[in-house]
Amino acid sequence: MLAEYTARNAEALMQVANEGQISIRSFPAEVLGTLRRLSDEAIEELAKSDALARKTRDSYVAFYTRVRRWHDISERTWLNVRAPD
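Notes on the structure follow. Computed from a prediction, not measured in an experiment: that's the story for all the values here.

1. As for the overall build of the protein
Link 1 in the chain: Looking only at helices and strands, the protein has four helices and zero strands in total.
Link 2 in the chain: Secondary structure elements in the protein, listed N-terminal to C-terminal, are α-α-α-α.
Link 3 in the chain: Taken against the 2.2 N^0.38 rule, which gives 12 Å for 85 residues, the C-alpha radius of gyration of the protein at 18 Å runs more than 25% over that of a compact globule.
Link 4 in the chain: For the protein, the spread of C-alpha atoms along the principal axes amounts to about 45 × 30 × 25 Å.
Link 5 in the chain: Accessible area of the protein: about 8,300 Å², with a carbon and sulfur share of 58%.
Link 6 in the chain: In the protein, 13 positive and 13 negative side-chain charges are present, and the distance between their average locations comes to 6 Å.

Below is the structure:
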């Protein structure tokens, strides 16, 4: 399923980019950092007030912690090595 989403998102991005009426850019690091901080604060606030939210947050954090290192040496590395020059 993830591969299908990735393929369709890539197609949609090419379509939007080829229309030529917009510029596709990444958010600045400062903006992403602020969004991350605000998101973390909101999730923590919710987790403090709701047992299911806390359980969900804890599950996600445990999962992310387990898979991040794998993705760093597999997916991220593969994309960087295989990127066309």
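2. Some words on the side chain of R57
Link 1 in the chain: With respect to the element layout, R57 can be found in helix α3 (residues 51-73).
Link 2 in the chain: With near-sequence residues (within four places) excluded, R57 lies in contact with I43, E44 and A47.

3. Digging into the packing of α3 against helix α4 (residues 75-82)
Link 1 in the chain: Contact geometry for α3 and α4: axes closest at 3 Å, N-to-C directions at 15 degrees. Comparing their axes, α4 and α3 come out roughly parallel. Between α3 and α4, the residues in contact are W70, H71, D72 and I73 and E75, R76 and T77, respectively.

4. Here we look at the pattern of salt bridges
Link 1 in the chain: Applying the stated criterion across every chain yields a total of six salt bridges.
Link 2 in the chain: Measuring nitrogen to oxygen at the nearest pair gives 2.6 Å for the salt bridge that ties E44 to R57. Placement of the pair is E44 in helix α2 (residues 29-49) and R57 in helix α3, with a sequence separation of 13 residues.
Link 3 in the chain: Taking the relative accessible area as the measure of exposure, R57 reaches 18% and is therefore buried.
Link 4 in the chain: Between D58 and R57 there is a salt bridge, and its shortest N-O distance comes to 2.7 Å.
Link 5 in the chain: Under the relative-accessibility criterion, D58 is labelled partly exposed at 39%.
Link 6 in the chain: One network of salt bridges, in which partners are shared, links E44, R57 and D58.

About the thresholds
Residues numbered from 1 in each chain as written. Predicted model: local features only at pLDDT ≥ 70, side-chain atom pairs only at ≥ 80, totals over all residues. Heavy atoms only, no water. Helix = DSSP H or I, 4+ residues; strand = E, 2+ residues; numbered from the N terminus. Rg over C-alpha atoms; globule rule 2.2 N^0.38 Å. Areas by Shrake-Rupley, 256 points an atom, 1.4 Å probe, with all protein chains shown as cover. Lys, Arg positive; Asp, Glu negative; His and termini not counted. Charge placed at Lys NZ, Arg CZ, Asp CG, Glu CD. Contact = heavy atoms within 4.5 Å. Axes fitted to C-alpha atoms, helices over the stretch in contact; angles between N-to-C directions. Parallel < 35°, antiparallel > 145°, perpendicular 65-115°, else oblique. Salt bridge = Lys/Arg side-chain N within 4 Å of Asp/Glu carboxyl O. Buried < 20%, exposed > 50% of the residue type's maximum accessible area, 1.4 Å probe, protein only.

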